[in-house]
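Below are the chains, spelled out letter by letter.
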Amino acid sequence: MALHPKLEIFGAAVAPRELQHPRAAAMAAYLASGDHDDARLLECRLSREDGLETVLFEVRAERPQEMVADIRRWEPVAAVFAASDDRQPCLFAAREDFPEVPHQNIVPAGWMRSPCVDDRPWAEARSTWTPLAFLERVRWWMGAAASGGLSDQTQAIDPLFVSSGPNIAIPRAFLQPDTPAGNMTLFAGAGTEKTALYHLRPHAARDGGRGALRLIPVRLPPQPMRAVRSAPRTLAELIAAFSDCGFDLLAALREAALDVLNPPYSNPPRVAVLLVAPIVRTADGPVAAEDARAFGIPLTLGELGERLGAIASNPGYSAADPGKSSPYGRSFPPAAPEGLEAVAIDSLPVHAEFDRELARECAGLEGADSRQVVLVGAGAVGSHLALALAREGRFRWTVVDDDYLLPHNLARHTLGRYELGDRKATALAAEVAELLGEGDAAHGLACNVLFPGDMAPELDTALTEAELVIDASASVAVARRLSDAAGGARRASVFLNPAGTASVVLSEDTARATRLDALEGQYYRHLLREPRLRSHLVPPGGGLRYTGACRHVSSRIPETNVAALTALASRGLTDSLDADAGGIGIWTLDADGGVFVSKVAPRASKCVAVADWTVVHDEGLLEHLKAAREAALPAETGGALVGIVDVARKSIIVVDALAPPPDSVGSPTQFERGVDGLLGRLADIQSVTRDQVRYVGEWHSHPRRHSAMPSQMDVAQLIGLHGELGREGIPPIMMIVGERDVALVSATSPADAAPNASDTCIQEPAQ
């Protein structure tokens, strides 16, 4: 078996004891011990000039009966160890005629092939490297090469060429098979150091578009996966490599160079060839991947055309008036190429520009989510939410907010100094659109939802056409306005508590059976019943006054809290919106950075009309009433009702039914609600809910075998309640629990209190 002549580069043969590198010495010692039946030491080499130490040995791999590649029973390999331990040992196949198989490392042309037996970074692999582990990786690789297992369906595809120069980023569409061919101009990325990236910079004009790069696209026919090739080093080698792949690059470059002859005359300072090659695992198999690489040529487009013989200098060109003609003319016929061997080229990695698809892939999402969303509120919560979800490739956005970005906003907003003084809605929408590279990905609507004025038609259209409406305004009034707005799009509300220690997500179901206002009531009920959330809405002391006006006060909440809580809320929101059911979720940070998560499944709600008012209650409240009746039987029981009263909307949302005060008296025939501790309990409820929940009426039960139909005594009590609440313009609420039904009774005047009024007495099954 002939060994590769390049082995001589690694120095003269030495005895194993002369090796100084700890890993090389350990490898030689292990092989010499004879402990491994499938490996044997051949020799050791030492290059005293550069300190390289080489261990040459043979390995025996398990080979199939029908081999895909010519892997011998015993394969000689060379493990080369550098003087320092800052890089992984290099492995070379020492046989001169070792076959071309997939998954090999890049090597100079004419060198020994280099199997890629460990693709881990050396910083991670070095801690577990042992001679036996390394040897087994070599044996596995040889066996997989023999059987064709190096290119199984779960394994990454080898690129056609390996890259070594600056990066370029191009739109994803340019990599598609049906994309029309055409040159494009890229610009150097931001920064003053050596260019690391060329891309389609939206703001390239700000710095004069420095570092322009003309990109010439080339698409090859499908290529079978093979060993990683050595990257071409010169323009001549590049043209030859393309020829091996079945493409006439010389003709393509000559055609592209003719662009300098067309007005407006330009001559970009640098040229690159973009290669897109479909890779197939087998000759007749489907395309498994697209290999995209670019090769930088350090010539202007005109200089390249001259070297290729496509164009020649124009003797009539005047540098004093460059706009009238091109400095070049076309050569008929093309002259022979000259000096291509002297044109060194770079191999440039190609990236797809960040777009919705890449965002989705990075987030691990299976399908695209391009639902049309109206986001109301572009403040701290809204901006974090929009950018977090846009970075997952989610939604097409209409951002609604009439506020301006002011200096104090920068403490918690995702926008920066460049947008100061701009409308938050338009600036945030522009940020989302630029992030995703789509002009129509987002647009801003500088509008006040409560007082839209001339913007009302545009706002109504956006809400009607939306598929989702997300409220991030931190305004109860706005959330209720959105709950009432026309349109079938489900609503969700996302906000932080006043102290900035918790985030909340209220999400409707897809059918909007339980609307945002009803969810608000159930959220307050949860706060009242969960002891760990009693201080949830307690405001912090001392706000930040950011102008001299008494109302211009901002909360003192650190950005770390906002970022953490909006991230949790974003995840909770998408989880909810990806399902049909709605949700109520609260994420609370503790002092040690832990998170207390409290979630409640929304209960179906019902809306009852009482004259020009609406009263909302839900199944959870009814179940609570029925359970309280059952527990008190045979006696009657009852208590106060608390809820949300919105006089402007003329709505009452019944939140909870309180237990009877201790001085209450109940018997099988009547119930008299006491007063002991009631005022204190009502004050506590207002404190826990930050004055949103108050007294709205009374509830009581009827005894066994009695319906919920109001009695004459109930009517009298309702008239009395109207005397108390009616002075505030609020219709009283009475709920009665019977054997098989529940009645909700109300009245807007004492005369309306008759129990047989069909619009005020609502019967519901008790089971």
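A short tour of the structure in this document, coming up. Keep in mind it's a predicted model, so treat the numbers as computed, not measured.

Comments concerning the sheet that holds strand β1 (residues 12-14)
Hydrogen bonding along the main chain pairs the strands of a sheet, whether they run parallel or antiparallel.
Here is step 1: What the five strands build is an open sheet, ordered β1-β2-β3-β4-β5; its pairing is antiparallel. Single-partner strands in this sheet number two, and they are β1 and β5 (90-93). Ignoring strand direction, the axes of neighbouring strands in this sheet form an average angle of 30°.
Here is step 2: Where strand β3 (residues 52-60) and strand β4 (residues 74-81) come together, eight bridges link them in antiparallel fashion. Across the sheet, residue F57 finds its bridge partner in β4, namely V77.
Here is step 3: The sheet strands contacting helix α1 (residues 22-33) are β2 (39-47), β3 and β4, and the helix crosses β3 at an angle near 30°.
Here is step 4: Across the sheet, helix α3 (residues 131-147) touches β2, β3, β4 and β5, and the angle it forms with β3 is around 55°.

Considering helix α9 (residues 424-436)
Here is step 1: Its 13 residues give α9 an end-to-end C-alpha distance of 18 Å, which sits within 8% of 18 Å, the value for a rise of 1.5 Å per residue.
Here is step 2: The complete set of buried residues in α9 reads K424, A425, A427, L428, A429, V432, A433, L435 and L436.
Here is step 3: The secondary structure elements touched by the buried residues of α9 are α7 (356-363), β16 (369-376), α8 (380-390), β17 (394-400) and β18 (442-445).

Thoughts on the pairing of strand β7 (residues 184-188)
Here is step 1: As paired elements, β7 and strand β9 (residues 213-219) share three bridges and run antiparallel to each other. Bridge pairing links T185 to R214 in β9.
Here is step 2: Alignment of β7 against strand β8 (residues 197-199), held across two bridges, turns out to be antiparallel. Residue pairing across strands places A188 opposite Y198, the latter belonging to β8.

Comments concerning the packing of aromatic side chains
Here is step 1: One pass over the full model with this rule turns up eleven aromatic pairs.
Here is step 2: Ring centres of F495 and Y523 lie 5.7 Å apart, and the angle between their planes is 80°; this geometry places the pair in the edge-to-face category. Taken together, the positions of F495 in strand β20 (residues 490-496) and Y523 in helix α12 (residues 516-529) put the pair 28 residues apart, joining distant regions of the chain.
Here is step 3: Seen from their ring centres, Y523 and Y524 are 5.3 Å apart, and the 40° between their planes marks the pair as tilted. Pair check on accessibility: Y523 and Y524 agree, each one buried.
Here is step 4: A network of ring pairs unites the aromatic residues F10, F92 and W111 as a single cluster.
Here is step 5: For the cation-ring pair, R40 lies above W74, with the distance from its terminal atom to the ring centre recorded as 3.8 Å.

Conventions we followed
Residues numbered from 1 in each chain as written. Predicted model: local features only at pLDDT ≥ 70, side-chain atom pairs only at ≥ 80, totals over all residues. Heavy atoms only, no water. Pairing = 2+ DSSP bridges. Helix = DSSP H or I, 4+ residues; strand = E, 2+ residues; numbered from the N terminus. Axes fitted to C-alpha atoms, helices over the stretch in contact; angles between N-to-C directions. Contact = heavy atoms within 4.5 Å. Expected span 1.5 Å × (residues − 1). Buried < 20%, exposed > 50% of the residue type's maximum accessible area, 1.4 Å probe, protein only. Phe/Tyr/Trp six-rings, centres within 6.5 Å; stacked < 30°, edge-to-face > 60°. Lys NZ or Arg CZ within 6 Å of the ring centre and 35° of its normal.

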